[in-house]
Amino acid sequence: MHNLLSKQEAREMLDYGIVDILQIIKEVNLKRTSNNITYSKNIFLPLTHICQNNCGYCTFKETPEQTDNLLMNPQDVYVIAKKARDYNCTESLFTFGESADKNDLVLKKLDEYGYDSMVEYVYHLSKVLLNEYEILPHTNMGIITRNQLSKLSRVNASMGLMLETTNKELLKTIVHQESPSKDPKKRLKLIENAGCEKIPFTTGLLVGIGESKDDRIDSLFKLRKIQDKYGHIQEIILQNFKPKENIPMADYPEPPITDLIKLTLLSSLMFPDVSIQIPPNLNDGLVPIFTLMGADDFGGISPLTKDYINPNDKWPRINDLERQLRNINYTLSERLPVYDKYINREYLSQEVYDKAIKIKKRNGIN
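Definitions and limits used
Residues numbered from 1 in each chain as written. Predicted model: local features only at pLDDT ≥ 70, side-chain atom pairs only at ≥ 80, totals over all residues. Heavy atoms only, no water. Buried < 20%, exposed > 50% of the residue type's maximum accessible area, 1.4 Å probe, protein only. Helix = DSSP H or I, 4+ residues; strand = E, 2+ residues; numbered from the N terminus. Core = buried A, V, L, I, M, F, W, Y, C linked by side-chain atoms within 4.5 Å. Contact = heavy atoms within 4.5 Å. Axes fitted to C-alpha atoms, helices over the stretch in contact; angles between N-to-C directions. Parallel < 35°, antiparallel > 145°, perpendicular 65-115°, else oblique. Left-handed = near helix turned anticlockwise from the far one by under 90°. Nonpolar A, V, L, I, M, F, W, Y, C, P; charged D, E, K, R; others polar.

> What exactly am I supposed to notice about unusual backbone geometry here?
Glycine aside, negative phi is the norm for most residues, and most peptide bonds take the trans geometry. Despite not being glycine, N88 has its phi angle at roughly 60°, a positive value. Relative accessible area serves as the criterion here: at 40%, N88 is assigned to the partly exposed category. The phi dihedral of E134 falls on the positive side, at around 55°, and the residue is not glycine. Summarising the element assignment, E134 is placed in the loop between α5 (118-131) and β3 (136-140).

Pasting the structure below:
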């Protein structure tokens, strides 16, 4: 059990003033075993923007009438994968809308390609990219069954699902009222199932969508409980809500930067065994601050494809991140989409393990 804080202590910490915060910052940085901040070099593959949910903050979802590409075809995926090899990318990030194959048009397109579900299609694409292009797949799959998780894990280096929040009351508001799979119970169950299947896993919180400070604490404690049982969570993303035009929550305010700072500190203390990721394209110019708060990873950054979840927020340049970190005596280093401690046969299939070792050596990743 890593968490030595009570919920009351965690709650008090989110209300700390500057003097107490400085003490925690000192504690977090003294405990660090490395001044390396990591990222992975990826390609972002949004297979379809069709989604059964209709979240108030989302710019990813498109209707069949709006979308330019109902379902990416295999050749389009392979063209991007081939370019990715030229850039030495090591991760292919597959994303698609929740239960997209419940849409008849998507199902028809899948049938044209020779598949009967999104899971079957992603399995095929993952296997090809893994073996023919030597890029490690990471899939954000939404809510699927444990059997489907197990199937995808055979050809994926890691997988992910944002918890977002444990506040089920948001299912009644503009945030999630049209998003049945955002039920916290369903999402926690999938994260647990991934633990049962020993899948290196990425999850996290979406900060500023109407949840309270107590909700944030509850979310972290729920993840801590799962991690104590299964040990498969490799990183927690703290993603701040950003208002955008043409979304139902366009007038919602961004969360205060101080809230995100304190939450990063708290997460660092609660999860010494897990990387804490702050998306750098959503926090331009604040990289040194969050690094000093305990964040130690910037997630996937692509030299080829944009962030389709936050299309208005461009990826930072690697040399700019290096410069910002150098100013506080930290360094940037590349990692694979699966973290080092999970690169073994307990967590990876033989097929994925062999490729991970080969790719790591080829790209000179320590």
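> Just to check I follow, could you spell out the nonpolar core for this structure?
For soluble globular proteins, the rule of thumb is that nonpolar side chains tend to be buried together. Among the nonpolar cores identified, the biggest contains 74 residues, and L47, V77 and M118 are the most heavily contacted of them. In terms of residue count, α5 provides more of this core than any other element does, eight residues in total. The residues contacting L47, other than those within four sequence positions of it, are L70, L71, M72, V77, F94, T95, F96, M118, V122 and L125. In terms of nonpolar packing, the next biggest core, distinct from the first, is built from 14 residues, L130, A157, V338 and L348 among them.

> Whenever I open this one, the packing of helix α7 (residues 184-196) against helix α8 (residues 213-230) confuses me. Can you help?
In contact at an axis separation of 10 Å, α7 and α8 are set at 15° when each is read in the N-to-C sense. Overall, the two elements α7 and α8 adopt an arrangement that is roughly parallel. Both α7 and α8 take part in a crossing whose hand is right-handed. For the pair formed by α7 and α8, the contact residues are L188, I191, E192, G195 and C196 on the first element and K222, L223, I226, K229 and Y230 on the second. Residues belonging to the contact of α7 with α8 are distributed by class as follows: six nonpolar, one polar and three charged.

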